[in-house]
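Next come the chains, spelled out residue by residue.
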Amino acid sequence: MKRVISVFAAGVATAVLAACGNTAPDGAGSSPGPRATMPGNVPAKPEYADADAVVAALEAGGVPCEVTRRSQGGGRGGSSLGCASVIDGTRFENDIHVLNPEIFDRDDVGDSIASRRQPPSGQTLVAAGHWFVRVTEPRFANRIAAALGGVVLPPEKAEIPRYPLPDIPRAPRYRTVGTLADDLAAAVGCDDRKQRSDTVLTCTTGKDTGSPNCATLALHASAADRDAVLREAIAYKGVPATLVTAGNWTVNLCDYDLGSRVADALHGTVVSYDGS
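Residues numbered from 1 in each chain as written. Predicted model: local features only at pLDDT ≥ 70, side-chain atom pairs only at ≥ 80, totals over all residues. Heavy atoms only, no water.

A. How the structure looks around the overall build of the protein. Secondary structure assignment for the protein yields 7 helices and 12 strands. Counting only residues that meet the buried cut, the protein has 54% of its 276 residues in that class. Carbon and sulfur atoms make up 50% of the accessible area of the protein, which amounts to about 12000 Å² in all. (Helix = DSSP H or I, 4+ residues; strand = E, 2+ residues; numbered from the N terminus. Buried < 20%, exposed > 50% of the residue type's maximum accessible area, 1.4 Å probe, protein only. Areas by Shrake-Rupley, 256 points an atom, 1.4 Å probe, with all protein chains shown as cover.)

B. Geometry of the state of the cysteines. This model, assessed by the stated rule, comprises 3 disulfides. The side chain of Cys65 participates in a disulfide bridge whose partner is Cys83; the two sulfur atoms lie 1.9 Å from each other. Taking the torsion about the S-S bond as the criterion, the Cys65 to Cys83 disulfide, at about 90°, is right-handed. Of this pair, Cys65 sits in the loop between helix H2 (51-60) and strand S1 (66-70) while Cys83 sits in strand S2 (residues 78-87), placing them 18 residues apart in sequence. A relative accessible area of 0% means that Cys83 is categorised as buried. The disulfide bridge from Cys190 ends at Cys203, spanning 2.1 Å between sulfur atoms. Taking the torsion about the S-S bond as the criterion, the Cys190 to Cys203 disulfide, at about -105°, is left-handed. Placement of Cys190 in the loop between helix H5 (177-188) and strand S7 (191-195) and of Cys203 in strand S8 (residues 200-205) is noted, with a sequence separation of 13 residues between them. (Disulfide = S-S within 2.5 Å.)

C. Structural context of the packing of aromatic side chains. Considering all chains together, one arrives at 3 aromatic pairs under this definition. Between Tyr48 and Trp131, the ring centres sit 5.4 Å apart and the planes meet at 65°, which makes this aromatic pair edge-to-face. With a gap of 83 residues between them, Tyr48 in the loop between helix H1 (12-18) and H2 and Trp131 in strand S5 (residues 131-135) connect regions that are remote in the sequence. Judged on exposure class, the residue Tyr48 and its partner Trp131 are both buried. (Phe/Tyr/Trp six-rings, centres within 6.5 Å; stacked < 30°, edge-to-face > 60°.)

D. Representation of the environment of Val270. Tracing the sequence through the fold places Val270 in strand S12 (residues 269-273). Sequence separation of Val270 and Ile168 is 102 residues, and the distance between their C-alpha atoms is 8.9 Å. Not counting chain neighbours up to four residues away, the residues in contact with Val270 comprise Pro166, Thr242, Leu243, Val244, Gly259, Ser260 and Ala263. (Contact = heavy atoms within 4.5 Å.)

E. Spatial organisation of the side chain of His97. On the secondary structure map, His97 appears in strand S3 (residues 90-99). What makes His97 buried here is its relative accessible area of 5%. A polar side-chain atom of His97 sits 3.0 Å from a polar atom in the side chain of Ser80. (Polar contact = N/O pair within 3.5 Å; in protein donor to acceptor, adjacent residues only side chain to side chain.)

F. Structural context of the confidence of the model for the protein. For the protein, the average pLDDT comes to 86, and 85% of its residues sit at 70 or higher. Looking over the protein, one finds the lowest element-wise mean pLDDT in H1, namely 44, and the highest in strand S11 (residues 249-253), namely 98. Within the model, pLDDT remains below 50 along residues 1-32, and this stretch shows 127 contacts once partners closer than five positions in the same chain are excluded. (pLDDT = per-residue confidence, 0-100.)

G. Region of interest: the side chain of Arg226. Mapping Arg226 onto the fold places it in helix H6 (residues 223-233). Here Asp227 takes part through its side chain, which lies 3.0 Å from a polar atom of the side chain of Arg226. When near neighbours in sequence (up to four residues on either side) are disregarded, Arg226 contacts Ile168, His220, Thr245, Ala246, Gly247, Trp249 and Thr250.

H. Molecular detail of helix H3 (residues 106-117). Relative to the 16 Å expected for 12 residues at 1.5 Å per residue, H3 spans 16 Å between its end C-alpha atoms, a close match to the ideal helical length. For H3, a buried count of 10 out of 12 residues is recorded, marking the element as mostly surrounded by other parts of the structure. Residues of H3 that are buried include every one of Asp108, Val109, Gly110, Asp111, Ser112, Ile113, Ala114, Ser115, Arg116 and Arg117, and no others. Residues of H3 that are buried in the fold lie against S3, strand S4 (125-128), S5 and strand S6 (151-153). You can read the cap of H3 off the contacts: a side-chain oxygen lies 3.0 Å from the backbone nitrogen of Asp107, and it is on Asp105. (Expected span 1.5 Å × (residues − 1).)

I. Broad picture of the sheet that holds S3. Strand order in the open sheet made by the 6 strands is S1-S2-S3-S5-S4-S6, with antiparallel pairing throughout. Edge positions in the open sheet fall to S1 and S6, since each of these has one partner strand only. For this sheet, the mean inter-axis angle between neighbouring strands, taken without regard to orientation, is 30°. Lying over the sheet, H2 contacts S1, S2, S3 and S5, oriented at roughly 25° with respect to S2. (Pairing = 2+ DSSP bridges. Axes fitted to C-alpha atoms, helices over the stretch in contact; angles between N-to-C directions.)

J. Region of interest: the packing of H2 against helix H4 (residues 141-148). Look at H2 against H4: their axes get within 8 Å of each other, and the N-to-C directions meet at 105°. Accordingly, the angle class assigned to the pair H2 and H4 is roughly perpendicular. Each of Val54, Ala57 and Leu58 in H2 lies in contact with H4, whose residues at this interface are Ile144, Ala147 and Leu148. Classifying every residue of the contact of H2 with H4 by side-chain character gives 6 nonpolar, no polar and no charged. (Parallel < 35°, antiparallel > 145°, perpendicular 65-115°, else oblique. Nonpolar A, V, L, I, M, F, W, Y, C, P; charged D, E, K, R; others polar.)

What follows is the structure, encoded as structure tokens:
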């Protein structure tokens, strides 16, 4: 199955980059190269027994989080789950990971945190003790941190060159990401939809042809925000990418062969990078 870099930067860019694949596993994954240590500003407390205890703490802290999915792994190593919160009318997801301190030390957790903050993942995390939470809407990370007693760890920024982009049509424009998903579905399918936020959605293309693959759909507040997402998607050597874009939206396709077909159907243009 072909893969594309995960697509959410401060907000949308990182989500669009991270939805189709993560560089770190749900447990104490490690990044390439020397082992990272826990950032010095991450407090040792509070600790939580498991991911459900973090959900309970969010509820107690005034940020209810509805469980949407649970990790298939875990066991003695720890537990993980996804849950959705609503703040100021915006629904977004949190990915919660709690590691067992009897098995993993603090630097194991720090190594996993480092791999998630580095480009191209660029995740915003809240962390303390032996746990961390990926917040897919970075503007609400402080609220999550206050509820849980952790600190906010922003993504590490990469210097993204101002790559030239093709002429991008000013239309069509979409009011909701769901409507964009409906048009993508008519062209190549958009099944198994997961709303990551009000402006980001992931789904699966090609199920009816027996070639399912992921896609990340996003709406952008401005042309500059859209272009920043496009440039970040094509910025990393060895990480190919194919996106279709126009107006205020992007579709990041994990099946690179669908680019022209989606562009024709949605009246957009293809922005791609072969990884070399």
